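# Architecture and fold: a report
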Amino acid sequence: MEITVQGDIHIIKISGSILQSDSEELDRNLSDHNFEPSPKIIIDLTEVSHICSTALGILVSYKKKFNSAEGDIIIVVNDDDLLQLFEITMLDKVFKVLPTIDDAFDEFKLGN
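Please read all numbers here as calculations on a predicted model, not as lab measurements. (Residues numbered from 1 in each chain as written. Predicted model: local features only at pLDDT ≥ 70, side-chain atom pairs only at ≥ 80, totals over all residues. Heavy atoms only, no water.)

On to the side chain of His-10, then. Its place among the elements puts His-10 in strand E2 (residues 9-18). If we skip the residues at most four places from it in the chain, His-10 touches Thr-4, Val-5, His-33, Asn-34, Phe-35, Lys-40, Ile-41 and Ile-42. (Helix = DSSP H or I, 4+ residues; strand = E, 2+ residues; numbered from the N terminus. Contact = heavy atoms within 4.5 Å.)

If you trace the five strands from one edge of the open sheet to the other, you get E1-E2-E3-E4-E5, paired in mixed fashion. The sheet is open, and its two borders are formed by strand E1 (2-6) and strand E5 (96-98), each paired with just one other strand. Each adjacent strand pair in this sheet contributes to an overall mean axis angle of 25 degrees, direction not counted. Judged from the nine bridges that link them, E2 and strand E3 (residues 40-51) form a sheet pairing that is parallel. Across the sheet, the residue bridging to Ile-12 is Ile-43, located in E3. (Pairing = 2+ DSSP bridges. Axes fitted to C-alpha atoms, helices over the stretch in contact; angles between N-to-C directions.)

Take a look at the structure:
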């Protein structure tokens, strides 16, 4: 997991599989990182092949937390299986799910 910052937008890039054992690291990174004053987060899942339900729950929890702080989380997914997972779980209604990092940056720019 790698966190970079471009302007006021934080990009969290995750690779491989996100298993239940990895969910704690995801939670810790989201909890420990300073996203002030208004958290704008892009979760880059373009190199993720699997994500467990625990990790999805953590993302939903932080989405609510960041929304209340006038921020947001945008998910970047281009894998058909992961896209289908977001659709089946209806998380595509909770998160803005976009195919590229550039699309996510554009979405944050439009929101300002």
